[in-house]
Amino acid sequence: MVWLMKSDNINCAGRQDKTEFNHDDDDDEDDDDAVNVAAISCSNARVEAQAQAPPSASASTATATATTATSLPAVQKFRITPHDLQILEGTDTLLRCEVASRSGKVQWTKDGFALGFSAVIPGFPRYSVLVDAKHGIYNLQIKNATLEDDAEYQCQVGPAAGNPAIRANAKLSIVAAPSTIMIEGYARNAKVEVVEKQNLTLKCIAENANPAAEIVWYQGDVPVDIVPLVSINQTAAKRFTTSSILHLQPHSEDDYREYSCEARHKALPPDVPMRAQVQLSVLYPPGPPFFEGYSQGETVRRGQQMAIACRSRGGNPPAQLIWYRNGVAINSPQRTSGRLSENVYKFTASSEDNGANLVCEAKNLLSTTPLRAELNLTVLYAPKDVYLSGATQAKVGDSVQLSCVTAPSNPAASITWTLNGRPFNNSSYKTTSSTDGGWVSSSNISFSIDTQSRTFLAVCHALNKELTQNVIGSHTVNVLYPPSPPLVTGYNDGDILVSGSILKLQCSSAGGNPPPSLQWYKNDKRLNAASKVLDNKIISELSLLINASDNNAIYKCEVQNAAIDIPLFATKTLGVHFPPETVKISVLPRNLVPGLRAKLICDSSSSNPPAKISWWKDGIPVEGVNLANKPGLWGGSVSTLEMSVNITQDLDGIVYTCQSHNEVLQRSVHETISLDILYPPKFEASQSTSFMGIEGSPLQVELVANGNPMIITYTWTKDGLPISKDPLSGQRLISDGSRLNISKLNRNDAGVYLCEASNSQGSALIEIQIMVEYAPTITSVSEGQSFMAGEQAVLACHIQARPLEASYVRWSREGYDLASRTVASFENGTAYLQIENVQRSDIGNFTCIVDNHRGAVAAHNVLLVVQTAPEIEHSPSFTRFAARPGVRAQLICRALASPQPSFIWRRHGKDLKMQRRQKFKSIERQVDALIYESALLIENTAADDYGHYECVVRNNLGQASATLEFSKPTRPDVPLQLRVGNVSDTGVELMWIPGFDGGMQVYYRLRFRQHGDGDKYKYVDAKPGHQNMTLDGLKPGATYYFSVMAANEAGGSKFIPDIKLTMGKGSQPHSAEYTEKDELPNVMIIGITSAAMVLLVLNAALVAWFVIRRQNKSQGETEPSNDDVYSKDDNQSVYKADVQKKTAASTYLVENVDIIQSTAYPPKYQESSMCTPPYPLCNPDFTRTLPNPKRHSQRNSATGLIEGMPMRSKDDHMLISNGLYIPSPSPASSLVIKGSYISSPSPAPPADGSYFNMSDKYMSYPPVTY
């Protein structure tokens, strides 16, 4: 039971004299104040409690007192009562409550809300009661106190027998320090910019304190004496924010001054104050600028290093100092230290700085106008230079005037003169101001030239007396004297020089001032030559390599100086002998053709003395005419000599030489000319005109024709037709100039070709013969001729080849004795083979073989036909036939005979009536010279038509007969033989002879395995219509076993016995053998023969029984069930649809029939065909086969037949309508064959050839692969 007591009944009994506080310092004044407040509150509580107590309560008290006095049982009371506490937010506290002689239950309340009697208080996870019931201790513990815990708490003890309820109150106060303090609008330690004397308001805020915090302002570390405006706001329950506003009006001295506000609170340690601070940045203008380093009126020397500082104190921001020189701003770096700004102008004093005006301006953002300071410089300097002017040379007696002018100087410089080292006082002097500053001094002197001196040296002295600096300038005047006339030596007038020799001429002249210059000339053309002065004498030497141009040349030497107006000179005229340098040959006329008389003219260049000219032909002198000499260059003579030549073609390329010879100097020069005679082309007689090539190979013919000009055009023709010159025409014959290119020879390319060569002078023709050798071809052989036995037979083979001769031809026939039985001959491209006394055994093909080693060998079979009685072919393809009821059936009887036989068809011993509209028709045709066929056509096949038919073949030499079996379609027979064709290390070609096809399209499946794989065969299906297959990817050197079977819609045959093949490896050949030997022991042969006889008797009985049974059955029954080879469910064919289920009639089939290997047939010289034209309605592609779904998709609406399927259209239509035929991309994959095969690794088929598995069900085919 939870009960409550009125909180206004306060029991102060047992309350301690002091109120607890969480500070450690018990002597703190705040603690004493708290104790006093608590004591007053407790006293008031007692008085109120006594005043408000009802009479019953007083009685109870009196009773209790009386009971105590009489030692009654103790009454529960507080031993320790809780007292008021002040604690910091986030700390733990304990409200103590201890009860003596407790009888009732104890609980705590918070602001009148009962917390319950449990030590763990629900809903107050931070509250718990620490209970020691034995000693009456019930202390309330509060952890991590928050402002929510600031409340009045009461410890209550419930009533019990003889014990009234008691309670004791305590106030828990939570003290919270301010969370932050800040100066509004500024970050901590921020700078506050303010203009001088403008109002500034700083607002300090201390947030979320309990009780409210106090704020104190500081200027630096000193409390401000300005009273701030303070306000306190309660922002949340028991949360108070204090604001303090300080109003300022800063001055310049307040710049950099710090203002801070500090929060004071009970919860804050006094040694760690909470403070926010800013720094004032008072903006004010700078002070006036002033100079250091130079004062107005000071003087400096030119070249002195100057550094004048302009400074300004104060200013925020710091002052910007700018220098101006004569009103032009100067770029000079500025620096600032604190509130002092400085800009130092450094320069080297020059004359231009004299009187210069320097101004320094100071300003910042608060300056209305810049503050200025200025000064003027005074610079002392001497003149940099003096400038003298006047004549530099003069003749004796001339009057010379000189002038001296100084550069600017401050102060003005004085001028003095010296002449040849002696003072010269007769001078003028004046001073003028310079526009560049300073003063310019000038002075003039005048003197006469006498004969005593060769030069006069005048010196001007300029002195700046203030600086004691003297500047000197000098001027020289030369006295002029003429030189002596020049003298030329090294050549005597009248001497003769030889061209190519060296001549040295020397020219000299003495005296003269200034020293004279020498200059050489050749015929008034200036020459470059060096000169030198030795002992007051000038000499120049000219070295010459004498040539023809020096003959009569005038060499002149001139001497000159300033003392003379006209140069002095001396000359020499040379005489030179020189040979001719060149010879020029000219031909008239320019174009030489045979029959003309040409003139050769030789012109020799100038020679001194005249040259002698001569002609030479191929090194032999030739007489010339009209020799003439004329004046030439450089005083020599030009010589000319002519020669006449009668032009013939033989002179083309002949060399003529002209020689010009100077007999005095024994020197000559010559020139040659090769005659260029124009003539039409001419083919060389030595080149071949007959060319041979092999058919299929390229051939190139190249001819050579000579002519002048050599630009020759060639034209090729054959049989009057031009040959193309375009290499891109795609033709085999292309002409390329003198070449004829045949890319691939053909025998028709043989013949005569004409090549015409043409140039501007004419043309020439040449005829060539091209012969083409080619491989042999056999154009025809003897056919259609038969021979009587005992006669001589002649076989002919007509051949085309080049070359062709008897040695290239031979005859062959395997197993035939050609050497003793035949005689071969050759005549006019025809090979003959004579066979004496021909017999029936000679029938067969003789092969005519021609090889002339020019290509592929040619071979052709020539059939020898010997007249013989008919022999009927007994292979399964021509003895067993099958067709479905209702269709047209075809039985073919093939026979070998000569002459042509006649065919008779019989059944049940009677000849069949062959009429146009009857049941039976027969069509005969000749397959080749020996083979004849007769096709029996049975219209609308019925059940009675099945059975045996007899074919009788006769001619004038005899007759033969055979029984042909006709039945309903059935499974195919086992292939007759499996043979190995081409073999490589990793592949093999396999071929087989088919057996009876069962009357339907047959497909073949090959199986093989590697030796060592047990019976794990792999299966591959052959392409439809193919009787061979190539297997690749086999392992070299491995041994494999191969077998083949046949299948059609009715089912499949057995696999023939395996053949064993060992693959080749490298040079090791392959080997093949049958796994079942052909030779059997005699005992086994006798046993097999006996068993076969018994089976034949049984089969005859069965046949008779089936015939009788068939006659008794109605026409509605179609197919009886198969024999024992099929399973018990075979009557429901796996390839039929469920739409129409009929019982199947089985075609009689004997299992385990031995492979037929007939040797009675004649030699095979042509592949036989079961149905070949010209039989009407006979398509050999589809005889006894199912229709090809790819080739027959159109139905003839008029006939009801599928186009392209005339023979079995009705049967095929029935197959399709009954669901027997499902088109697919592959015919082999479109049928489901009974007795399908087991794919590896399923168990292999049983050895007896049947295809049952353990459940008597047939496995499906493995995937068809090609």
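Residues numbered from 1 in each chain as written. Predicted model: local features only at pLDDT ≥ 70, side-chain atom pairs only at ≥ 80, totals over all residues. Heavy atoms only, no water.

Participant: How should I be thinking about the packing of aromatic side chains in this particular structure?
Facilitator: The relation between two aromatic rings is expressed through the spacing of the ring centres and the mutual angle of the planes. Applying the stated criterion across every chain yields a total of 16 aromatic pairs. Centre to centre, the rings of Tyr946 and Phe966 are 5.1 Å apart; their planes meet at 40°, and the pair counts as tilted. Taken together, the positions of Tyr946 in the loop between strand S81 (931-938) and strand S82 (947-955) and Phe966 in strand S83 (residues 958-967) put the pair 20 residues apart, joining distant regions of the chain. Phe966 matches Tyr946 in its accessibility class, with the two residues each being buried. Through a chain of ring-to-ring contacts, the aromatic side chains of Phe113, Phe124, Tyr127 and Tyr153 assemble into a single cluster. Cation over ring: Arg275 sits above Tyr218, and NZ or CZ is 4.9 Å from the ring centre. Over the ring of Phe569 we find Lys556, and its NZ or CZ is 5.5 Å from the ring centre. (Phe/Tyr/Trp six-rings, centres within 6.5 Å; stacked < 30°, edge-to-face > 60°. Helix = DSSP H or I, 4+ residues; strand = E, 2+ residues; numbered from the N terminus. Buried < 20%, exposed > 50% of the residue type's maximum accessible area, 1.4 Å probe, protein only. Lys NZ or Arg CZ within 6 Å of the ring centre and 35° of its normal.)

Participant: Help me understand the confidence of the model for the protein, please; the structure alone is not making it clear to me.
Facilitator: Averaged over all residues, the pLDDT of the protein is 80; the fraction at 70 or higher stands at 80%. For residues 1076-1081, every residue scores under 50 in pLDDT, and the model assigns this stretch 3 contacts once sequence neighbours within four places are set aside. Long-range and interchain partners of residues 1114-1266, a stretch whose pLDDT sits below 50, account for 282 contacts in this model, where long-range means more than four residues apart. (pLDDT = per-residue confidence, 0-100. Contact = heavy atoms within 4.5 Å.)

Participant: I would appreciate a short explanation of the environment of Thr963 in the present structure.
Facilitator: In this fold, Thr963 is placed in strand S83. In this structure the C-alpha to C-alpha distance between Thr963 and Arg907, which are 56 residues apart in sequence, comes to 9.4 Å. In contact with Thr963, not counting residues within four places along its chain, are Thr879, His948, Tyr949 and Glu950.

Participant: Hey, could you run me through the environment of Asn420 in this one?
Facilitator: Here Asn420 is to be found in the loop between strand S34 (414-419) and strand S35 (422-424). In this structure Asn420 comes out as partly exposed when scored by relative accessible area, which is 30%. Taking the C-alpha atoms as reference, Asn420 lies 8.7 Å from Thr455; in sequence the two are 35 residues apart. In this view, Asn420 contacts Ser453, Thr455, Phe456 and Leu457; residues no more than four positions away in its chain are not counted. Within polar-contact distance, the side chain of Asn420 engages the backbone nitrogen of Leu457 at 2.7 Å. (Polar contact = N/O pair within 3.5 Å; in protein donor to acceptor, adjacent residues only side chain to side chain.)

Participant: Would you explain the sheet that holds S35 in this entry?
Facilitator: The strands that make up a sheet are held in pairs by hydrogen bonds between backbone atoms, and each pair lies either parallel or antiparallel. Strand order in the open sheet formed by 5 strands is S32-S39-S38-S34-S35, and the pairing between neighbours is mixed. Here the strands that pair on one side only, and so sit at the sheet edges, are strand S32 (393-394) and S35. Where S34 and strand S38 (residues 455-464) come together, 6 bridges link them in antiparallel fashion. When the sheet's bridge partners are listed, Ile415 is paired in S38 with Ala462. (Pairing = 2+ DSSP bridges.)

Participant: How do you make sense of the nonpolar core when you look at a structure like this?
Facilitator: Nonpolar side chains tend toward joint burial in soluble globular proteins. Core analysis: the largest hydrophobic core is formed by 29 residues, its most contacted members being Leu795, Cys797, Trp811, Ile835, Phe846 and Leu864. The biggest single contributor to this core is strand S74 (residues 858-866), with 6 residues. Setting aside residues up to four positions removed in sequence, Trp811 forms contacts with Leu795, Ala796, Cys797, Leu818, Ala824, Ala831, Tyr832, Leu833, Phe846, Thr847, Cys848 and Val862. (Core = buried A, V, L, I, M, F, W, Y, C linked by side-chain atoms within 4.5 Å.)

Participant: Help me out: how do you make sense of the sheet that holds strand S53 (residues 620-622) in this one?
Facilitator: Spatial ordering of the open sheet is given by S53-S52-S56-S57, a layout of 4 strands whose pairing is antiparallel. Looking at which strands have only one partner, the edges of the open sheet turn out to be S53 and strand S57 (667-674). The mean angle between the axes of side-by-side strands here comes to 30°, regardless of whether they run parallel or antiparallel. In the sheet, strand S56 (residues 655-662) pairs with S57 via 8 bridges, with the strands oriented antiparallel. What sits directly across from His661, in S57, is Ser668. (Axes fitted to C-alpha atoms, helices over the stretch in contact; angles between N-to-C directions.)

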